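# Coordinate analysis (summary)
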Amino acid sequence: MLAPLLGHAALAQYQPLHATHADLLRRTGDAAGAAEAYRRAIALTINDVERAEPNRRLHNLVT
């Protein structure tokens, strides 16, 4: 569903897209893919407050 957007160069740095991708992967049981997407979303977030939620979700996923 998100593949066309994830492959679009103009959206490569769009953090909400990667966070959404991570959440969808997590919900489908792809923990490894979700972790990678959460890490990408975290890397794109410059605001510590906005980074807290993807960090929490990644921590819950890998522990």
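Given the structure is predicted, the values throughout are model-derived calculations rather than measurements.

The rules behind each value
- Residues numbered from 1 in each chain as written.
- Predicted model: local features only at pLDDT ≥ 70, side-chain atom pairs only at ≥ 80, totals over all residues.
- Heavy atoms only, no water.
- Salt bridge = Lys/Arg side-chain N within 4 Å of Asp/Glu carboxyl O.
- Helix = DSSP H or I, 4+ residues; strand = E, 2+ residues; numbered from the N terminus.
- Buried < 20%, exposed > 50% of the residue type's maximum accessible area, 1.4 Å probe, protein only.
- Contact = heavy atoms within 4.5 Å.

## Some words on the pattern of salt bridges
A side chain with one charge may pair with a side chain of the opposite charge, provided their charged atoms come close. All told, the structure shown has 6 salt bridges when counted by the stated rule. For Glu53, the salt bridge goes to Arg57, with nearest N and O atoms at 2.8 Å. Taken as a pair, Glu53 and Arg57 lie in helix α4 (residues 48–62) at a separation of 4 residues, close to a single helical turn. For Glu53, a relative accessible area of 32% puts it in the partly exposed group. Arg57 gets classed as partly exposed once you look at its relative accessible area, which sits at 29%. Taken together, the salt bridges that share partners define one network made up of Asp23, Arg26, Arg27, Glu53, Arg56 and Arg57.

## Some points on the side chain of Asp23
With respect to the helices, strands and loops of the structure, Asp23 is situated in helix α2 (residues 15–27). On the basis of relative accessibility, which here comes to 11%, the residue Asp23 falls in the buried class. Every residue in contact with Asp23, bar those within four places of it in the chain, is listed here: Tyr38 and Arg57.

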